[in-house]
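Remarks on the overall topology
One-letter residues, chain by chain:
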Amino acid sequence: MAKLEILEFPDPRLRTIAKPVEQVDDKVRQLVDDMFETMYAAPGIGLAATQVNVHRRVVVMDLSEDQSQPMVFINPEVEVLDREHCSPYDEGCLSVPGFYETVERPEQIRVRALDRDGQPFELEPEGLLAVCIQHELDHLNGKLFVDYLSAMKRQRIRKKLEKQHRQRA
Ligand code: QAP
Ligand code: CO
């Protein structure tokens, strides 16, 4: 197991579009394990491979309080079942540390993905699960929750994070 480095906004590598996983093999399962270790250490509730600079379509999530509900989504696809009904949620992101902003997303979705054994499964998630999987799928497409905010809010967040990165260097 290894903890991986998390890329932070506005790192241009976060804009990479991830490629599908062709075969769910031990190498992919190793990545999944390392992503869980990284996410639990943070701590966070969701992490996409893009955020650890691996540009493959892999997402891990755990919404429980006690690391008891690990979920793996390989090559996830989201189908919006009702475009009209969106719900607001205060989102954060391990790649945008310290910032939470309200984002509206469709609440009725269906998710199809492969699990860590390469078996296909389907979900109709609700609430935070539905929000989180859409947030993570966005990462695989090079999109961040700050992209839904006004240019002014996004710029303010970018400036603050750039300043932190300069101070760290
Ligand atoms: C995505 O985000 C998410 O700012 C997962 O300082 C979050 O795990 C989807 C975190 C909320 C929907 C709603 C953020 C940790 C973790 C921070 C995370 C921070 C430390 C974020
Ligand atoms: Co995120």
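Scroll up for the structure.
1. Looking at unusual backbone geometry
- With an omega dihedral of 5 degrees, the bond running from phenylalanine 9 to proline 10 counts as a cis peptide bond.
- For the bond running from alanine 42 to proline 43, omega is -5 degrees, close enough to zero to count as cis.
- Structurally, proline 43 is set in the loop between helix H1 (26-41) and strand S1 (46-48).
- Positive phi, normally seen in glycine, also occurs at asparagine 75, with a value near 50 degrees.
- By the secondary structure assignment, asparagine 75 is in strand S3 (residues 71-80).

2. A short note on the coordination of the cobalt ion (ligand 2)
- Coordination of the cobalt ion (ligand 2) by the protein is provided by Cys93 (SG), His135 (NE2) and His139 (NE2), with metal-donor distances spanning 2.1 to 2.3 Å.
- Site description for the cobalt ion (ligand 2): donor spacing in sequence, C-x41-H-x3-H. Here histidine 135 pairs with histidine 139, and both are found in helix H2 (residues 127-140), just 4 residues apart, close to one helical turn. Each member of the pair, histidine 135 together with histidine 139, is buried.

What counts as what
Residues numbered from 1 in each chain as written. Chains lettered and ligands numbered in written order. Predicted model: local features only at pLDDT ≥ 70, side-chain atom pairs only at ≥ 80, totals over all residues. Heavy atoms only, no water. Helix = DSSP H or I, 4+ residues; strand = E, 2+ residues; numbered from the N terminus. Donors = N, O, S within 2.8 Å, 3.2 Å for Na, K, Ca; no water. Buried < 20%, exposed > 50% of the residue type's maximum accessible area, 1.4 Å probe, protein only.

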